[in-house]
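# Structural characterization, general
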Amino acid sequence: MSAVGSSPPGVGLLIGYGSIGRLHARALAGLARRLLILDHHPGARERAAHEHPSAIVGADFLAVDPWLAAPRDVLAVIATWGPSHTRLFDHLADLGVRRILCEKPLATSVAGADAMVSRAARDAIALTSHHYFRCSGLIRALQRLAAELGLGEPVAVVANGGAACLATNGLHWVDLAAALFQAAPRAVVSTAHDDRINPRSADLGFYGGSAVWDFDGGRELSLTFSNASSVYPMTHVHYRDAVLTLDYDYEVAVYRRDAEEVARRPAMTRTGAPRQVAFKGQLPGVLEGPAALTACLSDLWAGEVSVSPPSAAAAALNGTIGALLAAREGRRIEFPILPA
């Protein structure tokens, strides 16, 4: 643990008090000695003051400037809408803040994300993004289970369901596949379409449709989210002779083929039903939302971002933007997309 992270943060600075920001506020209130909350919307500031009466609440940085005199004692969270992330990150970096969590998406352009990752490396800024599959320990738990059951390496990730948005939430599955495959995608094709049903604002897109990301070795991530359905997506991780399912409550089930049947007819094309239930239930060590967020912020304060590094957040953004571009242009998009 670094010297900075050996004692609690003096200041927990939250920018943005929407639905996700409120979760961060509760976590920061339990970690830092002083909580600062910024939001330009009067209604959000009123809620923040009511729910955190001991916090300093303001509309902009001028309201909390005296509390930022020791920037290296600040643990900052950017929880605003995506278009402001890069600007706010740069402002915090200019102030000298060196522990920053930026909610996903890291940015809303490949160039913005690349600039943030580059500056974090250059200025020794511990930068992370809140990706639940990583921060909760779910990905590590899935990898441990696969190893214990001898499933081998995953060969495909498939998720399908209702209106989860290929961009807003699809980014999480891009990151999940990249983590399980331990590689970034090589290309994507997509039929993504914007139906303008985003509950946050009529100005924000909400994408239904399908997208398929190609990884090396013939591995793929396939997402199909229908804006005509309200059913939460079910996730399937395929292995050579087994399939792992993940539902809304993060309950995991592993179904595998009979080993003797596979040995008798080993050809890949001699497919058979995975009738054996190898595992079913909650995975040990996986943290629920609030606990996962607190753990993520605690690690960040200690300078540890390896669980959810900024490079992974940038790669997930790259893959998501690529899917939207593929649909708009009606062609296969190769990765990485260059910042320029």
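You'll find the structure just up there.
Residues numbered from 1 in each chain as written. Predicted model: local features only at pLDDT ≥ 70, side-chain atom pairs only at ≥ 80, totals over all residues. Heavy atoms only, no water.

## Some points on the pattern of salt bridges
- Overall, the coordinates contain 16 salt bridges when judged by the stated rule.
- The salt bridge involving Arg119 is made with Asp90; its shortest N-O contact spans 3.4 Å. You can see Arg119 sitting in helix 4 (residues 110-122) and its partner Asp90 sitting in helix 3 (residues 85-95), a full 29 residues away along the chain.
- Of the charged contacts in the structure, one is a salt bridge between Glu334 and Arg332, with a shortest N-O distance of 3.0 Å. (Salt bridge = Lys/Arg side-chain N within 4 Å of Asp/Glu carboxyl O. Helix = DSSP H or I, 4+ residues; strand = E, 2+ residues; numbered from the N terminus.)

## Here's the deal with the sheet that holds strand 5 (residues 99-102)
- An order of 3-2-1-4-5-6 is seen for the 6 strands of this open sheet, with the pairing classed as parallel. Looking at the sheet topology across the chains shown, the edges are occupied by strand 3 (56-58) and strand 6 (126-129). For this sheet, the mean angle separating the axes of adjacent strands, direction not counted, is 15°.
- Where strand 5 meets strand 6, 4 bridges bridge the pair, whose relative direction is parallel. Each bridged residue has a counterpart across the sheet, and for Cys102 the counterpart in strand 6 is Ser129. (Pairing = 2+ DSSP bridges. Axes fitted to C-alpha atoms, helices over the stretch in contact; angles between N-to-C directions.)

## Thoughts on the pairing of strand 13 (residues 242-246)
- In terms of residue burial, strand 13 counts as a mostly covered element, since 5 of its 5 residues are buried.
- Neither face of strand 13 is exposed, since Ala242, Leu244 and Leu246 on one face and Val243 and Thr245 on the opposite face are all buried.
- In this structure, strand 12 (residues 234-238) lies alongside strand 13, joined through 4 bridges in antiparallel fashion. Note on strand 13: the bridge partner recorded for Val237 is Leu244.
- As paired elements, strand 13 and strand 14 (residues 251-256) share 5 bridges and run antiparallel to each other. Bridged to Ala242 within strand 14 is Arg256. (Buried < 20%, exposed > 50% of the residue type's maximum accessible area, 1.4 Å probe, protein only.)

## Comments concerning the packing of aromatic side chains
- Enumeration over the complete set of coordinates arrives at 7 aromatic pairs.
- Between Trp173 and Phe225, the ring centres sit 5.4 Å apart and the planes meet at 65°, which makes this aromatic pair edge-to-face. Residue Trp173 is found in helix 7 (residues 165-181), and its partner Phe225 is found in strand 11 (residues 220-225); the two are separated by 52 residues along the sequence. As far as the burial class goes, Trp173 and Phe225 line up, both buried.
- Taking the centre distance of 6.5 Å and the plane angle of 45° together, the rings of Trp173 and Tyr232 count as tilted. Within this pair, whereas Trp173 is found in helix 7, its partner Tyr232 is found in the loop between strand 11 and strand 12, the two being separated by 59 residues in sequence.
- In this structure Trp173 comes out as buried when scored by relative accessible area, which is 3%. (Phe/Tyr/Trp six-rings, centres within 6.5 Å; stacked < 30°, edge-to-face > 60°.)

## Remarks on the side chain of Asp214
- Structurally, Asp214 can be placed in strand 10 (residues 207-214).
- Of the residues examined, Asp214 reaches a relative accessible area of 13% and is grouped as buried.
- In this structure Asp214 touches Pro185, Arg186, Ala187, Arg219 and Arg332, once residues within four positions along its chain are discounted. (Contact = heavy atoms within 4.5 Å.)

## With respect to unusual backbone geometry
- Here Lys104 and Pro105 are connected by a cis peptide whose omega angle stands at -5°.
- The topology assignment puts Pro105 in the loop between strand 5 and helix 4.
- For the peptide bond that leads from Phe335 to Pro336, omega is -5°, which places it in the cis range.
- Position of Pro336 among the secondary structure elements: in the segment after strand 16 (333-334).
- Non-glycine residue Cys165 carries a positive phi angle of around 75°.
- On the secondary structure map, Cys165 appears in helix 7.
- For Tyr250, which is not a glycine, the phi torsion comes out positive at approximately 60°.
- Mapped onto the elements of the fold, Tyr250 is located in the loop between strand 13 and strand 14.

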